[in-house]
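Listed here are the chains, written in short residue letters.
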Amino acid sequence: MKIDRRLLYLVAVVLVAVTVFFPLGLPVSVSKLAVQTYDAIQDLPDNSVVFIAPMYDPGTAGELSPMLKAMLYQCMERKYRIILGNTGWTLGAGLAHTIITPIAQEFNYVYGTDYIELGSKPGGAIWLQSAKADLPGAAIVDYNNNSLGQYPLMQAVPRLTQEYVAAALVLDCGTPGAPEWLAQITQGTSIKLIIGEIQMTVPDQMTFVQSGQYAGMIAGSRGCAEYEQLVGRPGAGLKSQDTMSVITLMITLFIVLGNIGYLTRKK
Amino acid sequence: MHPHISTDLGLWCQAICTLAIYTYLYKDNPIYRVAENVFLGLATAYWFVFNFFNFIKPAVVEWIGKNGQYHYVLAIILGLLIFMRYVPSLSWIARYPMSFWVGYGTGYTLAFTPAVWLDQITASFVALNSLQNILIFVGILCTLVYFFFTLAKENPVVGGIAEVGKWYIMIALGSAFGNTVLYRWNLFLARANMLLFQWLGFAS
């Protein structure tokens, strides 16, 4: 029996619509990895400077923007100073701007003193190397094209090194991404590298968590749901889990049915 | 559950383009192709402008023109040589910038990769005191044996170990595939949320 694939799409769309409008409220347990990631950020010294790099674009914003939001909440609740910027992901800077602006207002963060947006800088690994030697020199201007020299936060962080930055929080979905941060900035230093990863590349990056080269990882939308619970700010990650559970069940069922059909036909 | 349809023009563009692309799920059609070509045109224009203002203009106006860093002229000339591939009799010259990039890439890899990967190797030296560690240890050894192509796999011991390695690889690929499927659904869910809550304005 041959099933029209469009029928499967239709079933999936109906399931998504039903679970989006009528959430099942399935429980989401918190994994050790999520706790490790939360603790890695929470345990940074008071008044630390953290560099948050939204290394993504609209294609992966569905997974990574909720992670960025939760990270910002945690960092601002801990009153860390935040440098927000990336290299090689132009559209990520714009997406991050729309996320950080209302949260900074909520926490009364002062631009240039408590946080700053560098925007997106071209160059990838080469830019990171330059930033290690001279951060304001490599970045030149902020997201709004204003010179960086006037901002106290930039004066306090002349280099992207362990003397000035406690952690790098990288939202990663490709190249340049977390491996470039590891190779150029955090390897062999005390800077904690904590990443938010899209579901697809979680297995690739997990080895770096196991080796201790990443201090933590938010693993896909499921990891985001767990992390949001720890931060105490349930958001899009947690909300998506009902749908993802139902979809996973549907796919599993289709795979089983497909294989039964295949084996039956083979006989 | 009364919708309040958005009046934001940007959201309407997003929604129409998203729906136009999804029409491909039914079958290839002119609406899909229009959306695809609009995207290609926009992306090409966007990246041209982005590269001009982020690379070409700063290099020529700021670094060379204002700061007098004339050594960048050499880099520009080297870069421009890539266009010689369009002159058949001189196309061999285009190999020089390519050679430079290959040299740079090799140098970069040799300089920055070993430190990162040595830590990975060290991390694989695990104490065999838990099932997880034993599985990691066995998996590494067997997978490495699978890739020793000079060892005769006809030998039952080597072949058996390599077979276990093959299973490890298949499980890793299955895990990667499963994660990829879930990732794609996440993308769809994000689009569905945009269409339902931001564009059509259903209460979330």
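Procedures and definitions
Residues numbered from 1 in each chain as written. Chains lettered and ligands numbered in written order. Predicted model: local features only at pLDDT ≥ 70, side-chain atom pairs only at ≥ 80, totals over all residues. Helix = DSSP H or I, 4+ residues; strand = E, 2+ residues; numbered from the N terminus. Buried ≥ 20, exposed ≤ 12 C-beta atoms within 10 Å, placed from the backbone. Contact = placed C-beta atoms within 7 Å. Pairing = 2+ DSSP bridges. Axes fitted to C-alpha atoms, helices over the stretch in contact; angles between N-to-C directions. Nonpolar A, V, L, I, M, F, W, Y, C, P; charged D, E, K, R; others polar. Core = buried A, V, L, I, M, F, W, Y, C linked by C-beta atoms within 7 Å. Parallel < 35°, antiparallel > 145°, perpendicular 65-115°, else oblique. Left-handed = near helix turned anticlockwise from the far one by under 90°. Right-handed = clockwise from strand over helix to strand, strands pointing away. Domains from an automatic or database assignment.

Another point: the overall build of chain A. A tally of regular secondary structure across chain A gives 12 helices and six strands. Taken along the three principal axes of its C-alpha coordinates, chain A extends 70 × 35 × 35 Å. Looking at chain A as a whole, 45% of its 267 residues qualify as buried. Counting only contacts in chain A whose residues sit at least 6 apart along the sequence, the fraction spanning at least 24 positions is 73%.

With that out of the way, let us pick up the sheet that holds strand E3 (residues 115-121) of chain A. Residues and elements named next belong to chain A. One open sheet holds the six strands; their spatial order is E3-E2-E1-E4-E5-E6, and the pairing between them is parallel. Each edge of the sheet is formed by a strand with only one pairing partner; in this case those strands are E3 and strand E6 (216-219). Neighbouring strand axes in the sheet, compared pairwise and without regard to direction, differ in orientation by 15° on average. Relative to strand E4 (residues 167-172), strand E1 (residues 49-55) runs parallel, the two sharing six bridges. Residue pairing across strands places Phe-51 opposite Ala-168, the latter belonging to E4. Sheet strands touched by helix H2 (residues 32-42): E4, strand E5 (192-197) and E6. Its angle to E6, the strand with the most contacts, is close to 130°.

Between chain A and chain B, the residue contacts involve 32 residues of the former and 26 residues of the latter. The set of elements that each furnish at least two residues to the side of chain A that touches chain B consists of helix H1 (5-21), helix H3 (58-77), helix H8 (178-186), helix H9 (202-210), helix H10 (220-231) and helix H12 (241-266) of chain A. Top element by residues in the side of chain A that touches chain B is H12 of chain A. It accounts for five residues. Looking at the side of chain A that touches chain B residue by residue, the classes come out as 14 nonpolar, 16 polar and two charged.

Residues and elements named next belong to chain A. By size, the foremost hydrophobic cluster in this structure holds 78 residues, and its most contacted members are Met-67, Ala-168, Val-170, Trp-181 and Leu-193. Tallying contributions element by element places H3 first for this core, with nine residues. Sequence-distant contacts of Trp-181, defined by excluding residues within four places in its chain, comprise Ala-53, Leu-128, Ala-168, Val-170, Thr-186 and Leu-193.

This brings us to the packing of helix H1 (residues 9-22) of chain B against helix H2 (residues 30-66) of chain B. All names here are of chain B. One way to put it is that H1 packs onto H2 with a least axis distance of 7 Å and a crossing angle of 125°. As judged from the angle between their axes, H1 and H2 are oblique. In this structure, H1 crosses over H2, and the sense of that crossing is left-handed. On H2, the residues touching Cys-17, Ala-20 and Ile-21 of H1 are Ile-31, Tyr-32, Val-34 and Ala-35.

Now for the pairing of E6 of chain A. Residue and element names in this part refer to chain A. Here E6 shows no split at all, with Gly-216 and Ile-218 on one side and Met-217 and Ala-219 on the other all buried. Inspection of the sheet shows E5 paired to E6 by four bridges, in the parallel sense. When the bridges of E6 are listed, Ile-194 appears paired with Gly-216. Where the polypeptide runs from E5 across H9 and back to E6, its parallel neighbour, the crossover connection is right-handed.

Taken domain by domain, chain A holds domain 1 (1-28 + 249-267) and domain 2 (31-234). If you average the C-alpha positions of domain 1 of chain A and of domain 2 of chain A, the two centres end up 37 Å apart.

The next subject is unusual backbone geometry. Residue and element names in this part refer to chain A. Going from Thr-175 to Pro-176, the amide bond is cis rather than trans, its omega being -5°. One can find Pro-176 in the loop between E4 and H8. For Asn-108, which is not glycine, the phi torsion reads 55° and is therefore positive. Mapped onto the secondary structure, Asn-108 falls in the loop between helix H4 (90-106) and E3. Asn-108 gets classed as exposed once you count the C-beta atoms within 10 Å, which come to 8. For Ile-140, which is not glycine, the phi dihedral falls at a positive 65°.

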